[in-house]
Amino acid sequence: MSDDSNDKVINLFNKQIGAENDIQQMLFKEFEYVKLSKDDNGNYFKEESLREYANRCFYIVSVMKDSSVGVSLYKYKVPYSSLLDFFNIFRNNTIYGEIIDIERYIPEDLA
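Residues numbered from 1 in each chain as written. Predicted model: local features only at pLDDT ≥ 70, side-chain atom pairs only at ≥ 80, totals over all residues. Heavy atoms only, no water.

1. Quick notes on the overall build of the protein chain
Along its length, the protein chain carries 3 helices and 5 strands. Start at the N end of the protein chain and walk to the C end: the helices and strands fall as α-β-β-α-β-β-α-β. Evaluated residue by residue, the protein chain yields a buried proportion of 11% over its 111 residues. Considering only contacts within the protein chain whose residues lie at least 6 apart along the sequence, 42% involve residues at least 24 apart. Here the protein chain has roughly 10300 Å² of accessible surface; of this, 50% comes from carbon and sulfur atoms. (Helix = DSSP H or I, 4+ residues; strand = E, 2+ residues; numbered from the N terminus. Buried < 20%, exposed > 50% of the residue type's maximum accessible area, 1.4 Å probe, protein only. Contact = heavy atoms within 4.5 Å. Areas by Shrake-Rupley, 256 points an atom, 1.4 Å probe, with all protein chains shown as cover.)

In structure tokens form, the structure reads like this:
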């Protein structure tokens, strides 16, 4: 059985850019980006709605650490509001480990 689930995935960063000026506009400190002004329904984004959405999000951050028996994987549930603080802990070498994966998690309302 073949996995066709990736057939509809669009790689936003594969777009060919013609002029040199366009390339500069698509980079920020050597990181590629895509600017989105509207949602999937064609509506312009609203600042308040985006902030409400972000505050509902958590991130599952997988961190690889050495232990006495080998390598272990730690998964941290980090709220959006603490995400930059969490990254700074690793940047400042306050705790050891290597960030392996970051996954967005949105808890479902059961009511």
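2. Describing the side chain of Lys65
Inspection of the secondary structure assignment puts Lys65 in strand 3 (residues 58-67). For the buried Lys65, no salt bridge exists, and the shortest N-O distance to an oppositely charged side chain is 11 Å, to Asp66. The contacts of Lys65, once residues within four sequence positions are left out, are Gly70, Val71, Ser72, Tyr74, Tyr76, Tyr96 and Gly97. (Lys, Arg positive; Asp, Glu negative; His and termini not counted. Salt bridge = Lys/Arg side-chain N within 4 Å of Asp/Glu carboxyl O.)

3. Structural notes on the sheet that holds strand 5 (residues 98-105)
If you walk across this open sheet you meet the 3 strands as 4-3-5, and the pairing is antiparallel. Since the sheet does not close on itself, it has two edges, and those belong to strand 4 (70-79) and strand 5, each with one partner. Direction aside, neighbouring strands of the sheet carry axes that sit 20° apart on average. Pairing geometry for strand 3 and strand 5, over 7 bridges, is antiparallel. Bridging across to strand 5, Phe58 finds its partner in Tyr105. Those strands touched by helix 3 (residues 83-91) are strand 3, strand 4 and strand 5, and its axis lies near 15° from that of strand 3. (Pairing = 2+ DSSP bridges. Axes fitted to C-alpha atoms, helices over the stretch in contact; angles between N-to-C directions.)

4. Things to note about the environment of Tyr74
Assignment of secondary structure puts Tyr74 in strand 4. Looking at Tyr74, the relative accessible area reads 35%, which means it is partly exposed. In sequence terms Tyr74 and Val61 are 13 residues apart; their C-alpha atoms lie 8.1 Å from each other. Contacts of Tyr74, omitting those with residues within four sequence positions, involve Val61, Ser62, Val63 and Lys65.

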